Amino acid sequence: SPILMWFRRDLRLGDHEALSAAVAAGHPVIPVFIYDELTETLGAAPKMRLGLSVSDLAKSLQEKGSRLILRRGEALTVLRDLIAETGAGAVYWSRMYDPQTRERDTKVKTALKEDGLEAESFTGHVLFEPWTVETKTGGFYKVYTPMWKSVRDNDVPDALPTPATIPVPDSWPASDDMEEWQMSAAMQRGADILASHCTVGETAASHRLGAFIANHVANYVKNRDLPAVDGTSGLSENLTYGEISPRKCWHAGWRALHDGKGDAETFLKELVWREFAYHLAYHTPRITTGNWKEDWDSFPWNTDERLAEVKAWKQGRTGIRFVDAAMREMYVTGRMHNRGRMIVASYLTKHLLCHWKIGLDWFADCLIDWDPCSNAMGWQWSAGSGPDATPYFRVFNPVTQLDKFDKDRAYVKKWIAEGTKTPSATALSYYDMIPLSWGMTAQDRYPDPIVPADVGRKRALDAYQDRGF
Ligand code: FAD
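Residues numbered from 1 in each chain as written. Predicted model: local features only at pLDDT ≥ 70, side-chain atom pairs only at ≥ 80, totals over all residues.

**Some remarks on the sheet that holds strand 3 (residues 69-72)**
One open sheet accounts for five strands, arranged 3-2-1-4-5; its pairing is parallel. Because the sheet does not close on itself, it has two edges, and the strands there are strand 3 and strand 5 (118-122). Taking the axes of each pair of neighbouring strands and ignoring which way they run, one obtains an average angle of 25° across the sheet. Strand direction decides the pairing type here: strand 1 (residues 3-7) and strand 2 (residues 29-35), joined by five bridges, are parallel. (Pairing = 2+ DSSP bridges. Helix = DSSP H or I, 4+ residues; strand = E, 2+ residues; numbered from the N terminus. Axes fitted to C-alpha atoms, helices over the stretch in contact; angles between N-to-C directions.)

Structure below.
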């Protein structure tokens with residue numbers, strides 16, 4: 001009887017444990033993608049980007065003589081329907097670690113097993129399963145550096161090859177039409193602009209890794225902090241949808257290190273930050289919804305999304321150039337440089353004293369590399385409420401940071417049009433993306449800071465100290 005291969009955030013054919021196991025079982029394989037309630041609630045940019053990835057996977061499967069069956073509905077109901085229609089005896093998938101997905105998957109697995117079916121989950125989204133990495137005294141790592149030291153020399157299995165063929169069923173069940181799902185509908189304006197900044201699919205991801213290793217990893221340590229420089233891998237977008245496996249990236253990093261490119265170690269370390277995020281979410285699911293350090297629950301954050309400061313932050317008109325450039329970069333490209341992410345998160349939570357959840361939600365709407373675990377860890381790290389977080393007194397100064405990391409203002413010029421005679425095309429593309437109701441034009445005067453860097457810093461430190469930190 002056929003095996004249903006339930007694709008989720010593992011949208012590739014190479015180095016795919018679940019798919020390879022399904023093929024090896026020697027039964028027909030029916031690849032499925034389900035638009036369920038977790039898909040429905042995705043933010044605008046992640047949903048659109050997911051749609052592009054699903055289409056690309058469908059094409060790859062077609063090239064192999066297989067198909068991707070698309071269905072919409074509650075995951076368990078859809079799977080049971082497909083089982084009834086096809087006589088499938090098993091469902092395979094790759095594990096995920098955020099609490100919402102785990103809740104759904106546990107329910108699905110339990111129910112299918114009760115139905116007498118085989119329901120099996122496989123590794124693939126991480127290098128190290130969260131229950132396999134423990135501190136010397138037992139328990140999971142709450143601090144990054146010791147975790148890195150404990151895993152860096154671990155054996156990571158070689159990447160699996162892409163199956164040469166995928167056995168097909170005698171007849172295919174019906175499939176939805178992707179167009180009808182309208183996955184870019186929430187983008188309103190600018191879906192095409194956003195799409196032009198995406199690098200979609202397994203082949204593109206693989207090229208991206210190759211180009212990064214060939215051209216950029218040797219100077220990664222210096223360049224990775226410069227937002228105007230193309231110095232990082234850009235692979236977060238592909239890793240989050242599983243268009244490339246983390247172990248393929250890991251092995252490429254190790255090979256570069258052995259080839260004498262010492263900076264590759266820092267790239268490997270970044271991959272372990274990603275692992276750290278999943279491990280934390282697995283062991284302490286509350287990280288995605290509430291303060292990881294619970295004593296932060298009494299901190300008097302602003303939680304009102306309607307505040308003028310919040311609006312200015314989202315719209316990239318705080319009057320603080322580094323913040324505004326980064327917020328606009330995200331709105332147009334669906335990505336934000338890591339330095340930018342740290343600066344805008346620090347500014348929102350410290351200078352503006354706003355709850356990190358406001359930022360978390362906005363990122364979840366705008367990022368094409370949105371990942372529930374990395375996003376939550378990043379925000380709580382920035383706010384100070386998370387594990388191994390930046391201490392409260394480390395308030396990034398967005399003005400001096402600009403002098404340090406964007407000395408010639410190339411990043412600012414790339415994203416801010418106001419006040420320049422010849423704005424860059426990228427800065428102007430912002431106005432093609434934003435809702436007309438924001439009422440912004442390139443001819444506006446660039447705003448004065450809504451909260452100047454020094455005033456905000458003092459206000460933040462006072463607020464923290466008042467709480468007895
Ligand atoms: P590279 O520098 O090339 O790094 C290689 C890979 O390592 C990345 O692709 C990514 O998978 C991983 N990585 C690097 N830095 C981190 C990190 N700090 N945490 C976790 N993984 C990391 N990353 C996301 O993938 N999705 C998010 O939703 C996300 N939200 C963030 C929110 C905030 C407030 C902050 C401070 C960081 C967030 N990050 C998130 C982490 C980081 O900014 C991005 O992973 C990175 O900028 C991606 O660019 P890159 O692929 O070129 O990274």
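Next comes the rest of the write-up.
**A closer look at the domain arrangement of the protein chain**
According to the domain assignment, the protein chain consists of domain 1 (1-124), domain 2 (126-156 + 189-283) and domain 3 (294-466). Once you take the C-alpha centre of each, domain 1 and domain 3 turn out to be 36 Å apart. Domain 1 puts seven residues into the contact, and the matching count from domain 3 is nine residues. Residues that form the side of domain 1 that touches domain 3 fall into these classes: four nonpolar, one polar and two charged. (Domains from an automatic or database assignment. Contact = placed C-beta atoms within 7 Å. Nonpolar A, V, L, I, M, F, W, Y, C, P; charged D, E, K, R; others polar.)

**Examining the nonpolar core**
Core analysis: the biggest nonpolar cluster contains 129 residues, and Leu4, Met5, Trp6, Val32 and Leu79 have the highest contact counts within it. For Val32, the residues in contact, after removing those within four places along its chain, are Leu4, Met5, Trp6, Phe7, Ile69, Arg71 and Leu82. (Core = buried A, V, L, I, M, F, W, Y, C linked by C-beta atoms within 7 Å. Buried ≥ 20, exposed ≤ 12 C-beta atoms within 10 Å, placed from the backbone.)

**So, the site of the ligand**
Every one of the 28 residues lining the ligand counts as a neighbour, but Thr232, Ser233, Ser236, Asn375 and Gly378 are closest to it. Taken together, the elements giving at least two residues each to the shell around the ligand come down to helix 11 (236-240), helix 13 (264-283), helix 16 (338-351) and helix 18 (372-383). Here the element with the most residues in the shell around the ligand is helix 13; it accounts for six residues. Grouping the constituent residues of the shell around the ligand by class yields twelve nonpolar, ten polar and six charged. Split by domain, the residues of the shell around the ligand number at least three in each of domain 2 (126-156 + 189-283) and domain 3 (294-466). (Near = placed C-beta within 6 Å.)

**Comments concerning the confidence of the model for the protein chain**
Per-residue pLDDT for the protein chain averages 96, and the proportion of residues at 70 or more is 100%. Least confident of the elements in the protein chain is helix 22 (residues 453-466), whose mean pLDDT is 88; most confident is strand 1, at 99. Two numbers describe this predicted complex: its pTM, 0.98, and its ipTM, 0.99. (pLDDT = per-residue confidence, 0-100.)

**So, the UniProt feature "binding site: FAD" (unreviewed entry) in the protein chain**
Here the UniProt feature "binding site: FAD" (unreviewed entry) sits at Tyr220, Thr232, Ser233, Gly234, Leu235, Ser236, Phe267, Asp369, Trp370 and Asp371. For the residues just named, distributed over 152 residues, the greatest C-alpha separation reaches 22.9 Å, placing them at more than one site. The residue Tyr220 is located in helix 10 (residues 220-223) in this model. Once residues lying within four places of it in the same chain are set aside, the contact partners of Tyr220 are Gly231, Asp263, Thr266 and Phe267. With respect to the helices and strands, the residue Thr232 is situated in the loop between helix 10 and helix 11. C-beta crowding within 10 Å serves as the criterion here: with 20 such atoms nearby, Thr232 is assigned to the buried category. (UniProt positions renumbered as here; feature names shortened; annotations may be inferred.)

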